[in-house]
Amino acid sequence: MIGCLLALCFCAHTVLAADANGILSFGTEGKDIVMYVQNPGEGCEIQCQVGTSEAEKIESHPIEQETVPIETIILLDNSLSVVEKYRPTISAVMSELAANRMNGEQFTIAVFSDEINYLVEKCSDYAQVKQAVDNITYNNQETYLTDVLYHLLSEIKEEDNTENKAPLRRIVIISDGVDNKSIGYTKEELYAALEKMPYPIYTVGCTYKENNEQLKNMFALSRMTGGASWLLDDVSDYMEIVNGISSLNQALKIVVTPQEKDCDGTTKGIHLRVDSEGGQISGSIEITMPFGKVEEVVETPVPEVLEETPSPTAEPVPEPAEPTFPAGLTLVLAVGGGVLLMAGVVFGVLTVRWAGRKKEDFVSAGPRNNASGDSSGGGESTRKRETQMVGGDKDSGQRSTKFVWGQEAARTLILEDVANPIKRFEVSLDTSLLVGYDRDCRICLNYEETVSGKHCRIYTSDGKVYVENLSRSNGTFVDGKKIGSPVEIYTGCVLKLGNLQMRVEIR
């Protein structure tokens, strides 16, 4: 009897237990906080606490009432490691998801290697989606899921910030596992991005050689985000995958309006609880209130009016008389001052001429390079001073300083981040310059981890501008081609340093 009672208590507790991951996704729209949970059915009561305050207003409705209820993004690894026996099932899953789409649902189909190639974007037309699926080909290529997913999340974040919206998305990944570049983003960086942008991720895995570890890393993405995962070897009916992914179609959108005093731009904890006859859903998130800063009005205290006490009248103090000098003394001072001024002018002229003669002697005594390589003298010298690595002896690490005559006006180099034009660097090309992550570089790119400490050197020679690679791990690319020796660059070129692409302009 005691055992039965304990079993009944356990069952009741299981039904009413709070789901720690009950919030599927969240974001902000205007001054509202938007959250998505699985729809518990009719007659649910919703409570939400923002920081320490109760929400001012809470509204909810099924996502099917939205114009675009959900966005489905499918990322397919179309490398040869997804072997041929899996491809018909993969095609069937994608086609069936499109066939069972919600009214207004948007599909994005993309294949990836080290970059994303979109086949169709935000499309609600089944015929177009099906055509894109049928035309997929598999290629001999390396794939890097970590980098691809990180870049996808960055694009989504930029889009949502621009349009000020928080739609529900699900990401479906079909691959043989997570494999990241040695110089790309790490798993930890990807996990941190997913915490800020929690979209349910559904993973479909394919076995290939010894890829157990890669599959575990990929399936972990689903566990982190509240999605689901399947190994194709264990699936007998592909509709099992389709139905599992489509379960998100029953989501509920909750819109919370916080109190005005909580809209202060700080990070606050949001606690949500949904009660219904079917059980309870609850969850907690942290979100930065992006609604501006509420300025405190500081009242200026009004000073008390004190009764004025008449001050005693002071006797007027006579002003001191200006000193007077005899007329003869004034004349002597004027003449002496003029003599001293003339002496100073003569001394200054003589000093300038002497300094110019010494500088001329110093330059003429310095080394000059002539056509035969003789440094004993002769040849025309210049006025331009440039510091550069010794040519033809890069291993020595020495530097040579040359003095030349006939200097031309120094040109200006501009590097602009292709993905983020706000990052724009403008420097003079009067000397060679280093570009890299270190702070001592003239162009410091310390906002991108994949840039090496001293990534490349840019310098001028014979009126042209060259870039020289200094990075052993990441390399330097000019217009997509990796360079081994210094290469000329010009306006319109694109330098790739790690994951950064910098557009070149030379003025």
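**What to know about the side chain of Ser246**
Line of reasoning, step 1. Mapped onto the fold, Ser246 is located in helix H7 (residues 239-246).
Line of reasoning, step 2. Of the residues examined, Ser246 reaches a relative accessible area of 17% and is grouped as buried.
Line of reasoning, step 3. There is a polar contact of 2.8 Å between the side chain of Ser246 and the backbone oxygen of Val242.
Line of reasoning, step 4. With near-sequence residues (within four places) excluded, Ser246 lies in contact with Leu97 and Arg170.

**As for the packing of aromatic side chains**
Line of reasoning, step 1. One pass over the structure, following the stated rule, counts 3 aromatic pairs.
Line of reasoning, step 2. For Arg87, the ring lying beneath its charged end belongs to Tyr138, and the centroid distance is 4.2 Å.
Line of reasoning, step 3. Taking NZ or CZ as reference, Lys423 lies 4.7 Å from the ring centre of Tyr447, over its face.

**A closer look at the pairing of strand S3 (residues 45-50)**
Line of reasoning, step 1. On S3, burial follows the alternation: Ile46, Cys48 and Val50 on one face are buried, whereas Glu45, Gln47 and Gln49 on the facing-out side are not.
Line of reasoning, step 2. Sheet topology note: the S3/strand S13 (residues 267-276) ladder contains 6 bridges and is antiparallel. Across the sheet, Ile46 pairs through a bridge with Val274, a residue of S13.
Line of reasoning, step 3. Taken together, the 2 bridges between S3 and strand S4 (residues 53-54) define a ladder with antiparallel strand orientation. In the strand pairing of S4, Gln49 is matched with Glu54.
Line of reasoning, step 4. What sits between the antiparallel neighbours S3 and S4 is a turn of 2 residues, in which Gly51 has the positive phi angle 65 degrees.

**Some words on the environment of Cys444**
Line of reasoning, step 1. On the secondary structure map, Cys444 appears in strand S20 (residues 443-444).
Line of reasoning, step 2. Classification of Cys444 as buried rests on a relative accessible area of 18%.
Line of reasoning, step 3. The sequence separation of Cys444 and Lys454 amounts to 10 residues, and the corresponding C-alpha distance is 9.2 Å.
Line of reasoning, step 4. If near-sequence neighbours (up to four positions away) are discounted, Cys444 is found in contact with Phe425, Gly436, Tyr437, Asp438 and Arg439.

**A few points about the pattern of salt bridges**
Line of reasoning, step 1. Summed over all chains, the structure comprises 25 salt bridges.
Line of reasoning, step 2. The shortest N-O distance in the salt bridge between Lys130 and Asp134 comes to 2.8 Å. Of this pair, Lys130 and Asp134 both sit in helix H3 (residues 126-134), separated by 4 residues, roughly a single helical turn.
Line of reasoning, step 3. On the basis of relative accessible area, Lys130 is assigned to the partly exposed category, the value being 25%.
Line of reasoning, step 4. Residue class for Asp134 comes out partly exposed when judged on its relative accessible area of 45%.
Line of reasoning, step 5. Linked through salt bridges whose partners overlap, the residues forming this network are Glu71, Lys122, Glu159, Asp160, Glu163, Lys165 and Arg169.

Calculation notes
Residues numbered from 1 in each chain as written. Predicted model: local features only at pLDDT ≥ 70, side-chain atom pairs only at ≥ 80, totals over all residues. Heavy atoms only, no water. Helix = DSSP H or I, 4+ residues; strand = E, 2+ residues; numbered from the N terminus. Buried < 20%, exposed > 50% of the residue type's maximum accessible area, 1.4 Å probe, protein only. Polar contact = N/O pair within 3.5 Å; in protein donor to acceptor, adjacent residues only side chain to side chain. Contact = heavy atoms within 4.5 Å. Phe/Tyr/Trp six-rings, centres within 6.5 Å; stacked < 30°, edge-to-face > 60°. Lys NZ or Arg CZ within 6 Å of the ring centre and 35° of its normal. Pairing = 2+ DSSP bridges. Salt bridge = Lys/Arg side-chain N within 4 Å of Asp/Glu carboxyl O.

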